[in-house]
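Below, each chain spelled out in residue letters.
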Amino acid sequence: MKRILILSLTYYPKFIGGAEVAIKEITDRIDPNEYSFDMVTLRFNSNLPEVEKIGNVTIHRIGFTVEGATIADLGRFPLFLNKIYFQFAGAFKAFSLHKKNSYDALWAMMAHSSGVPAAIFKYLAPNVPYILTLQEGDPTDYIQAKMLPLYPLFIQAFRKADIIQAISTFLGKWSRDMGFKGNLEIIPNGVNTKFFSQEYSEDDLQALEQKIGIKEDDICLITTSRLVQKNAINDVIASLSFLPSSIKFLIVGSGPDEEKLRRFAKEKGVESRVKFLGYQGLGEIPKYLKISDIFIRPSLSEGMGNSFVEAMAAGIPIIATQEGGITDFLFDPKRNPDKKSTGRAVNPKDPKSIAEAVEKYIHDKNTTAQIIKNAKELIFSKYDWNLVAKNMKERVFDAVIKR
């Protein structure tokens, strides 16, 4: 059995994003008789144990804690110090575990959060193969500016990697721009296709519609997003001014921009049409997608975008920009005539083009039906987690350890 040590800034059960989902979905699908995984991550919440096993991962938590800490607390003192602390303490904790367990490889999740401790570890244990996964969603120039105080080590996070796995061609190109010359594998994040394509009874769906105030003739746009600037939720709110009053916008998610977005909806006179539904557990997301007509997130940047492929698996059409990694799976009827259409693309910061894309979906039902069909075929054939886990094992873990 081979042992891999993971570096991840956050992890289950409390602090979960796309990167954390990817780790769990992949490790849960790999035979524990072939590979076992340990992890160094931040604790944050003092109620969480310092050592715990979840699935095929034994978790070692470090860092400053607050009792009952939530995601909203991570930007406040003292918890915000953890991100700096992890850059160094994470490396030394990893090395101390390696001396005890003699790992076959190190796997760092995201360059900006775990790349620096991985680079330090690589100096301490140069013979241990090092895998870097790129999952970043923020603009790469913003990330590089943010990492300036540690830039020499940040560069080495790329250049010392034995293999880089990027979830999109966009992030793969970034690794080359940062000086990585080794083996690059483009393996996207996946989706639990069976889970997101599940059907619900009419009674269940009607109960949810009544709960959130959706009427029979309403057409629902939906986003499942963190409420941050890069996801451009404000542009969707602004687009409602160009659309009939029967079109509502469901916002599933939370984040620091929520109050600002609420004020903006009021200023635009569409407050009654925008429903802030807050954070919903992963188990509830497919049901919200099923009562909706169009998924939309006009991102200003995107490493890939798990929410898009989840919506595509659920069988609702998507509207998005073609920023970053979105270009790997969103093919627009006019902008990408050489490919089967899988969605409608809009320009960044362009509420009117969003409204036009919504109208096209509503009025051109034949094209909409074909887009939904093409999108589901793409997701089921390329983005299922079972396939992603198989590719990670064979093309990344097996390859780097054998080499």
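For clarity, every value in this text was computed on a predicted model and none was experimentally measured. (Residues numbered from 1 in each chain as written. Predicted model: local features only at pLDDT ≥ 70, side-chain atom pairs only at ≥ 80, totals over all residues. Heavy atoms only, no water.)

Caption draft 1: Region of interest: the sheet that holds strand β1 (residues 2-7). Here we have 8 strands laid out as an open sheet, ordered β3-β4-β2-β1-β5-β6-β7-β8, and mixed in their pairing. Single-partner strands in this sheet number two, and they are β3 (51-54) and β8 (183-186). Across this sheet, the average inter-strand angle for adjacent strands is 25°, counted without regard to direction. In this sheet, strand β4 (residues 57-66) lies alongside strand β2 (residues 35-45) in parallel orientation, the contact comprising 8 bridges. Paired with T41 across the two strands is R61, which belongs to β4. (Pairing = 2+ DSSP bridges. Helix = DSSP H or I, 4+ residues; strand = E, 2+ residues; numbered from the N terminus. Axes fitted to C-alpha atoms, helices over the stretch in contact; angles between N-to-C directions.)

Caption draft 2: Fine view of the layout of surface pockets. One number sums up the size of the second largest pocket: a volume of about 330 Å³. In terms of lining residues, the second largest pocket is bounded by 16 residues, among which E209, K290, I291, S292 and D293 are the most central. Breaking the lining of the second largest pocket down by element, the ones donating at least two residues are α8 (202-212) and α11 (285-290). Looking at side-chain class alone, the lining of the second largest pocket contains 8 nonpolar, 2 polar and 6 charged residues. (1 Å grid on protein atoms, 1.4 Å probe; cavity = no way out; pocket = protein on both sides within 12 Å on 5 of 7 lines; lining within 4 Å. Points joined across faces, edges and corners; volume = space filled by probe spheres on them. Nonpolar A, V, L, I, M, F, W, Y, C, P; charged D, E, K, R; others polar.)

Caption draft 3: Seen up close, the packing of aromatic side chains. For the coordinates displayed, the defined rule picks out 18 aromatic pairs. On the numbers, 5.4 Å between centres and 90° between planes, the contact of F154 with F158 is edge-to-face. One end of the pair is F154 and the other is F158, both in helix α5 (residues 151-159) and 4 residues apart, which spans about a single turn. Site record: aromatic cluster; members linked through ring pairs are Y35, F37, W107 and F397. (Phe/Tyr/Trp six-rings, centres within 6.5 Å; stacked < 30°, edge-to-face > 60°.)

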